[in-house]
Amino acid sequence: MIRIGITGHRALPPDVSAHVAELIAAHLEPYGCELVGLSCLADGADTVFAEAVVAAGAPLEVIVPALGYRDALPAEHHRVYDRLLGQAVLVHTLQNAASTPEAHMAAGRTLVDRCDQLVAVWDGLPARGPGGTADVVAYAREHFRPVTVLWPQGARR
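Residues numbered from 1 in each chain as written. Predicted model: local features only at pLDDT ≥ 70, side-chain atom pairs only at ≥ 80, totals over all residues. Heavy atoms only, no water.

## Focus: the nonpolar core
Right, on to step 1. Ile24, Leu28 and Tyr69 are the most contacted members of the largest nonpolar core, which has 48 residues in total.
Right, on to step 2. What Tyr69 contacts, discounting residues up to four positions off in sequence, is Cys40, Leu41, Ala42, Val64, Tyr81, Ser99 and His104. (Core = buried A, V, L, I, M, F, W, Y, C linked by side-chain atoms within 4.5 Å. Buried < 20%, exposed > 50% of the residue type's maximum accessible area, 1.4 Å probe, protein only. Contact = heavy atoms within 4.5 Å.)

Here it is, written out as structure tokens:
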């Protein structure tokens, strides 16, 4: 069974999110339920991916970057986060107290270390801060993990 992790942008505009959902579904479709999806469940790409994994009937594994991670997510995302966290077959909670860029990077490294392949919903631009999508992609490539970049042509964050 292949283990596929996700990294990607948060707060995607609705039209971009819908297109990303199509790209992720198409990427995962050949695996059916014969995959394990790994996600941190942040709003945006992480959640779109997790929803696709669950819809495929595949197991979802979650990496929680910090003890205060949920509270640092947008309040309107809490319900979705809680639902997906409840559907996870395995949850790894890192022992960082606060949801900081360093905690997010530690979670990204943990996710890459636990996956066979990384999907990056990434516009190809540098990270906006430490621990962003570009940094996780760089870490994956440094560790010879295959990376598949999915980004709708012409889309902007």
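## Re the sheet that holds strand β6 (residues 147-150)
Right, on to step 1. Read from one edge of the open sheet, 6 strands run β4-β3-β2-β1-β5-β6, paired in parallel fashion. Every other strand in the sheet has two partners, leaving β4 (90-93) and β6 as the edge strands with one partner each. The sheet shows a mean angle of 20 degrees between the axes of neighbouring strands, taken without regard to direction.
Right, on to step 2. Taken together, the 4 bridges between strand β1 (residues 2-8) and strand β2 (residues 35-39) define a ladder with parallel strand orientation. When the sheet's bridge partners are listed, Gly5 is paired in β2 with Leu38.
Right, on to step 3. Strands in contact with helix α6 (residues 133-142) are β1, β5 (117-121) and β6; relative to β5, the strand with the most contacts, it is inclined by about 155 degrees. (Pairing = 2+ DSSP bridges. Helix = DSSP H or I, 4+ residues; strand = E, 2+ residues; numbered from the N terminus. Axes fitted to C-alpha atoms, helices over the stretch in contact; angles between N-to-C directions.)

## Some details on the state of the cysteines
Right, on to step 1. Here the structure, examined in full by the defined rule, presents 0 disulfides.
Right, on to step 2. The thiol sulfur of Cys33 is not disulfide-bonded, and the nearest other cysteine sulfur, from Cys115, lies at 19 Å.
Right, on to step 3. No disulfide involves Cys115; its sulfur sits 11 Å from that of Cys40, the nearest cysteine.
Right, on to step 4. Using a relative accessible area of 3% as the deciding quantity, one classes Cys115 as buried. (Disulfide = S-S within 2.5 Å.)

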